[in-house]
Amino acid sequence: MSDSLPEDLVTLSVDDVVRDFFARQPRWLAPEEETLRRSLGLKKRHDEWLAGRIAAKRAAQMFTGLPFRSLVIRRSVLENNRGQPELFVDGHTRLPGHLSISHAAGYAAASYTMGRVGVDLERIFFPEASLLETAFSVEERARLSSVPDERRAAASTLAWCQKEAYAKWLGRGFALPLVSLEPALDPRVSFEQGALPFAPEVLWARATERESSSP
Ligand SMILES: CC(C)(COP(=O)(O)OP(=O)(O)OC[C@H]1O[C@@H](n2cnc3c(N)ncnc32)[C@H](O)[C@@H]1OP(=O)(O)O)[C@@H](O)C(=O)NCCC(=O)NCCS
């Protein structure tokens, strides 16, 4: 587990983003995003969506140098990667990189990289037996049950984060049951993971393409 965050993994407090957004009324969102923001009725969904968008724009800005407002994030409507965030400039040109967003436990995280990427955040939790069975294979459960009691919740949460990050890396999202995803067996992907330095109860994982699997 890493104690520090990679520079290009942008992590923001949801409350800070929302406070800034309403206090300063910055022109962070493109008109179509502003329309979508106003349509989000549930406060939790609104706040997490907004923080995720701002984290993603900051991550993309590191690469492109473009202002937030000209970077437009849309969700794919294609069957094989429905919901996956995609980045456009001024609403027309799709940028070549890949974007991943996660929000949980009062934080939002995002990464923009040239190869495929998947990011997940979770607050440490102790999965019940039924959830372990839904999410983990027999081998994965055997490995987790060999972890000492005091470290098992963190180890299980991290394994969960890895799977969600891997699901996003694949772009399949809700289409695949977690138990069918075995990130450790996929030679194309490599993982970084850790706890947020400013909130150690929140764990993160990021899946990226292994150097050798890039064209
Ligand atoms: C889609 C999924 C990856 C989202 O993860 P989550 O932990 O629920 O929520 P997170 O906040 O971490 O991620 C949400 C973000 O994932 C992104 N996302 C959605 N669909 C995606 C896809 N097909 N590919 C990549 N990213 C996707 C979106 O950016 C979304 O944020 P937004 O709606 O604000 O744009 C996840 O729920 C999923 O489907 N996992 C597959 C396995 C599964 O069965 N999970 C349920 C466990 S029983």
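As the structure is a computational prediction, the values presented were derived from the model and not from experiment. All residue numbers refer to positions counted from 1 along the written sequence of the respective chain. It should be noted that, the model being predicted, local features are given only for residues of pLDDT at least 70 and side-chain atom pairs only at 80 or more, the latter also being counted only at that level, while totals for whole chains, interfaces and linings use all residues. Only hydrogens and water are set aside; all other atoms, that is, all heavy atoms of the structure, feed into the side-chain values.

Chemist: Tell me about the overall build of the chain, residues and numbers included.
Modeler: Helical segments are the DSSP runs of H or I of at least four residues, strand segments are the runs of E of at least two, and each set is numbered from the N terminus. In terms of helices and strands, the chain carries six helices and nine strands. Along the three orthogonal principal directions, the C-alpha set of the chain runs to about 50 × 40 × 30 Å. It only takes one pair of heavy atoms within 4.5 Å for two residues to be counted as in contact. Restricting the contact set of the chain to residue pairs at least 6 apart, pairs at least 24 apart contribute 56%. Computed by Shrake-Rupley with a 1.4 Å probe, the accessible areas treat only the displayed protein chains as cover when residues are assessed. Just so you have it, the chain exposes about 11,300 Å², and 54% of that area is on carbon and sulfur atoms. Only four residue types enter the tally: Lys and Arg on the positive side, Asp and Glu on the negative side; His and the chain ends are excluded. Charged side chains are reduced to one point each, which is NZ for Lys, CZ for Arg, CG for Asp and CD for Glu. A gap of 6 Å separates the mean positions of the 28 positive and 29 negative side-chain charges of the chain.

Chemist: I'd like a description of helix α6 (residues 149–170), backed by residues and values.
Modeler: Residues lying three or four places apart along an α-helix face the same way, a consequence of the helix completing one turn every 3.6 residues. Residue count minus one, scaled by 1.5 Å, sets the expected span of a helix. Its 22 residues place the ends of α6 32 Å apart at the C-alpha level, agreeing with the 32 Å of an ideal helix rising 1.5 Å per residue. Trailing α6 by a residue or two, G171 shows a phi angle of about 85 degrees, which is positive.

Chemist: Summarise the site of the ligand; cite the residues concerned and give the values.
Modeler: Neighbouring the ligand are 25 residues; R75, R82, S102, H103 and K168 lie closest to it. Each polar contact in these results corresponds to two N or O atoms within 3.5 Å; when the atoms are within protein, one needs to be able to donate a hydrogen and the other to accept it, and residues that are neighboring in sequence are counted only if both atoms are side-chain atoms. Here S102 contributes a side-chain N or O atom positioned 2.7 Å from an oxygen atom of the ligand. Taking D120, its side chain carries an N or O atom lying 2.9 Å from an oxygen atom of the ligand. Of all elements in the fold, only α3 (43–64), β5 (98–104), β7 (117–123) and α6 reach the threshold of two or more residues within the shell around the ligand. Ranked by the residues each element gives to the shell around the ligand, the list is headed by α6, at four residues. Residues are counted as near a molecule or strand when any one of their heavy atoms sits within 4 Å of it.

Chemist: Can you explain the packing of aromatic side chains? Please cite residues and give values.
Modeler: Pairing of aromatic rings covers Phe, Tyr and Trp, the last through its six-membered ring, and needs centres within 6.5 Å; plane angles under 30 degrees mean stacked, over 60 mean edge-to-face, and all others mean tilted. All chains considered together, the criterion is met by seven aromatic pairs. With centroids separated by 5.4 Å and ring planes inclined at 80 degrees, the aromatic side chains of F63 and Y112 adopt a geometry described as edge-to-face. Placement of the pair is F63 in helix α3 and Y112 in strand β6 (residues 107–113), with a sequence separation of 49 residues. Only protein chains enter the accessibility calculation, which uses a 1.4 Å probe. A residue is then buried if its area is under 20% of the maximum for its type, exposed if over 50%, and partly exposed in between. The exposure class assigned to F63 is partly exposed, which follows from its relative accessible area of 47%. One aromatic cluster is present, built from ring pairs that chain together F21, F22, W28 and F68.

Chemist: Kindly report on the side chain of S156, identifying the contributing residues and their values.
Modeler: Summarising the element assignment, S156 is placed in helix α6. Within the local environment of S156, its side chain forms a polar contact with the backbone oxygen of R152, the two atoms lying 2.8 Å apart. When residues no more than four places from it in sequence are discounted, the contact partners of S156 are P127, F136 and L144.

Chemist: Pulling in residues and values, what's your account of the pattern of salt bridges?
Modeler: By salt bridge we mean one thing: a side-chain nitrogen of Lys or Arg within 4 Å of a carboxyl oxygen of Asp or Glu. As enumerated under the stated definition, the model contains 18 salt bridges in all. We note a salt bridge from D120 to K168, for which the minimum N-O separation is 3.5 Å. In this pair, D120 sits in strand β7 while K168 sits in helix α6, placing the two residues 48 residues apart along the sequence. Residue class for K168 comes out partly exposed when judged on its relative accessible area of 24%. Within the structure, one salt-bridge network assembled from shared partners comprises D8, E192 and R206.

Chemist: How would you summarise the environment of V89 if you had to cite specific residues and measurements?
Modeler: Here V89 lies in strand β3 (residues 85–89). Along the sequence, V89 and Q162 sit 73 residues apart, while their C-alpha atoms lie 30 Å from each other. Apart from the residues lying within four places of it in its own chain, the contact partners of V89 are L66, S70 and L95.

Chemist: Please give an account of the sheet that holds β5 that cites residues and values.
Modeler: Any two strands with at least two DSSP bridges between them are considered paired. Within the open sheet, the three strands sit side by side as β1-β6-β5. Their pairing is antiparallel. A single partner strand is all that each edge strand has here, and the edge strands are β1 (9–13) and β5. With strand direction ignored, the average angle separating the axes of adjacent strands in the sheet is 15 degrees. In the sheet, β1 pairs with β6 via five bridges, with the strands oriented antiparallel. To obtain an axis, a line is fitted to C-alpha atoms, over the contacting stretch when the element is a helix, and the angle between two such axes runs from 0 to 180 degrees between their N-to-C directions.

Chemist: Mind laying out unusual backbone geometry, listing which residues take part and the relevant values?
Modeler: For Q25, which is not a glycine, the phi torsion comes out positive at approximately 45 degrees. Within the secondary structure, Q25 sits in the loop between α1 (14–24) and α2 (31–39). Since its relative accessible area comes to 62%, Q25 is described here as exposed. The phi angle at A105 is positive, at roughly 55 degrees, despite the residue not being glycine. Topologically, A105 is positioned in the loop between β5 and β6. On the accessibility criterion, A105 (27% relative accessible area) is partly exposed.

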